[in-house]
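# Structure assessment
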Amino acid sequence: MCGCEEPRWGWGHCAPSPMLLLSVLLSAAPFGLLGEETRQVSLEVIPDWLDPPQNLLHVRAVGTNSTLHYVWSSLGPPAVLLVATNTPYSTLSVNWSRLLSPKPDGGLMVLPKDSIQFSSALVFTRLFEFDSTNTSDGAAKPPGKPYPPYSLAKFSWNNISDSLDPATMSATFQGRPIHDPTKAFANGSLSFRVQAFSRSGRPAQPPRLLHTADTCQLEVALVGASPQGNRSLFGLEVATLGQGPDCPSVQEQHSIDDEYTPAVFQLHQLLWGSVPTGFVQWRPVAFSQKQGSRESALPCQASPLYPSLAYLLPQSPIVRAFFGSQNNFCAFNLTFGASTGPGYWDQHYLSWSMLLGVGTPPVDALSPLVLGIMAVALGAPGLMLLAGGLFLLLGHKRYSEYQPIN
C-alpha cells in the first residue's frame, strides 16, 4: 500500500497495488460523441484494502477531446454512474473512508469538476416476484399476486476482481440475499454482467443489441433460485436521476427487420434530455434459456416512469457520494414473461439485456438480408416491365418489316 493519509484511489493520487488493480486497454472504434473519432477503453477494479472487499468497477473511454466514465458498484443496491467530460485528462477520485461513512457526500468525484458535460445514474433497487397461476391476461398490472420483494441492497455480492475477464472486457456482480429464511437462493443467484467494447458490433447471443466503444452492455440473469409459486413471473425495479423536475423520456422504435432478434420488431429507449444525452436501450424480450432463441423468448413489459422520493428507494452510496442528498429520482418496473408460454419455471433461468451509453444512441440499419429481399421484391416487377417493353418493341419492328407477296 502506498503512503496515503487514508485509503483512496484516483488518477494522480496514490497508485493502487498491481495485485489489486486489473486493467486492459484497447483501441476503440469511431463513434460520434463531441466529435471524437477514436477512444481507448479501460476496465479497472478499484481496490479499497478492506476485508471483505467492496466492489467498484470503473470503465473509462478516452478520446481526443473527451472522456466517458462508467462507475459500477454493488455498495448498497447495484448501481452505475454515467459521466461525460470534455477533456481526455479527467480522472476518477475515490475517498473510501468518506464513501463508506453514513454521509458519503463527496466521497466519489470526477475531476476537474468543470469538465463534466453530462452525468446521471441508474440504480437497480428491487427484484419482484408474482404468482401468475390464476392470471389469464398477460397485460395485467400487476401480473399476478405479488410476493414480498427482494431488496437488492440486502444482497451479498462476490468479489468482482475474481470475475474480471480482460479478454472479453467483462466482469460479473453475482449475489444472493444475506438473509434467506425460505432458502430460495440456496442454489441460485442474481447476476449483473457488465461488458465494455473495443469496437462496434453485435454480441453472438440475442437480443444482439448494436453496440459501440462508447457503450456498456448489462446482462441481468436470475439462475437457479427457487420460485415461491409454481408459475412465478419476475420483475426488476430500476431508478434513475432526472435532469430537472421531469423524468427522462421513453421512446419506442419499430423496424421491419427482425434478423438479429427473431419476432421482435421494437426497440425501447430511455433518454435524458441534455446535450450530450445519455441513453438506455433494450428490446422488449427476455429469455428462459441460456442459449437465447425464439422458442425461449419471453415478453418484457415496462411501466411508465414515475417520480419517486429518494427515501422510498434503497440508497446507493456511490450516487449519494457523487450527486449529494438532494436528487430527483424517477423509477420504472420491468416485468419478464406471461402466464402462458415459456417461463422461468422451465429451467429456472431468466436473462435480460440492456445497453447503456452517452452520446447519440446507435441506430439499427436494415441488414444485408433484408436489403437483398427488398431488392428482389422491388426489382422483379421492374425487370418484368423492362422485358415486356422490349418484347413489344422488337415484336412490332418485325411486323413492320413484313412484305406481302402481292
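The structure reproduced in this document is the subject of the present report. Treat the numbers as computed from the prediction; the structure is a model and nothing was measured. (Residues numbered from 1 in each chain as written. Predicted model: local features only at pLDDT ≥ 70, side-chain atom pairs only at ≥ 80, totals over all residues. Heavy atoms only, no water.)

## Looking at the nonpolar core
Membership of the largest hydrophobic core comes to 58 residues, with the highest contact counts inside it found for Tyr-70 and Trp-72. Tallying contributions element by element places strand β24 (residues 349-358) first for this core, with 5 residues. Residues within four places of Tyr-70 in sequence aside, it is in contact with Leu-57, His-58, Val-59, Val-80, Leu-81, Leu-82, Asp-214, Thr-215, Cys-216, Leu-356, Gly-357 and Val-358. Core analysis: the next-biggest nonpolar cluster, separate from the first, contains 24 residues, Val-83, Leu-99, Val-319 and Ala-331 among them. (Core = buried A, V, L, I, M, F, W, Y, C linked by side-chain atoms within 4.5 Å. Buried < 20%, exposed > 50% of the residue type's maximum accessible area, 1.4 Å probe, protein only. Helix = DSSP H or I, 4+ residues; strand = E, 2+ residues; numbered from the N terminus. Contact = heavy atoms within 4.5 Å.)

## Brief notes about the state of the cysteines
Tallying each qualifying case throughout the model produces 1 disulfide. Sulfur-sulfur distance for the disulfide between Cys-247 and Cys-330 comes to 2.0 Å. In this structure the cystine formed by Cys-247 and Cys-330 twists about its S-S bond by roughly -90°; its chirality is therefore left-handed. With Cys-247 in the loop between β16 (232-241) and β17 (249-254) and Cys-330 in strand β23 (residues 329-336), this pair connects stretches of sequence that are 83 residues apart. Among the residues examined, Cys-247 registers a relative accessible area of 24% and is labelled partly exposed. A relative accessible area of 0% means that Cys-330 is categorised as buried. (Disulfide = S-S within 2.5 Å.)

## Notes on unusual backbone geometry
When glycine is set aside, most residues are seen to have a negative phi, and most peptide bonds are trans. The omega torsion of the bond from Leu-111 to Pro-112 falls at -5°, within 30 degrees of zero and hence cis. Within the secondary structure layout, Pro-112 lies in the loop between β8 (108-111) and β9 (116-131). Cis geometry marks the peptide bond from Pro-206 to Pro-207, where omega comes out at 15°. Relative to the assigned elements, Pro-207 resides in the loop between β14 (189-196) and β15 (215-223). With a phi close to 50°, Met-169 is a non-glycine residue in the positive phi region. For Met-169, a relative accessible area of 2% translates into the label buried. In this structure, Lys-183 takes a positive phi of about 60° despite not being glycine. Residue class for Lys-183 comes out exposed when judged on its relative accessible area of 58%.

## So, the side chain of Asp-180
Along the chain, Asp-180 turns up in the loop between β13 (170-177) and β14. Buried within the structure, Asp-180 lacks any salt-bridge partner; Lys-183 is the closest side chain of opposite charge, at an N-O distance of 6.6 Å. A polar side-chain atom of Asp-180 sits 3.2 Å from the main-chain amide nitrogen of Ala-184. At a separation of 2.7 Å, a polar atom in the side chain of Asp-180 contacts the main-chain amide nitrogen of Phe-185. Here Asp-180 is in contact with Phe-185 and Ala-186, once residues within four sequence places are set aside. (Lys, Arg positive; Asp, Glu negative; His and termini not counted. Salt bridge = Lys/Arg side-chain N within 4 Å of Asp/Glu carboxyl O. Polar contact = N/O pair within 3.5 Å; in protein donor to acceptor, adjacent residues only side chain to side chain.)

## Some words on the pairing of strand β3 (residues 39-45)
The element β3 is extensively covered by neighbouring structure, given that 6 of its 7 residues are classed as buried. Here 7 bridges tie β3 to strand β4 (residues 56-63), and the two strands are oriented antiparallel to one another. Residue Val-41 lies in a different strand from β4, and its bridge partner there is Ala-61. (Pairing = 2+ DSSP bridges.)

## A short note on a nonpolar patch on the surface
On the surface, a nonpolar cluster with roughly 290 Å² of combined accessible area is contributed by Leu-386, Leu-390 and Leu-394. Looking at the secondary structure, you find Leu-386 in helix α4 (residues 368-400). A residue is classified by how much of its surface remains accessible, and Leu-386, at 54% relative accessible area, is exposed. (Patch = residues over 30% accessible without salt bridge, like charges linked within 9 Å, V, L, I, M, F, W, Y side chains within 5 Å. Areas by Shrake-Rupley, 256 points an atom, 1.4 Å probe, with all protein chains shown as cover.)

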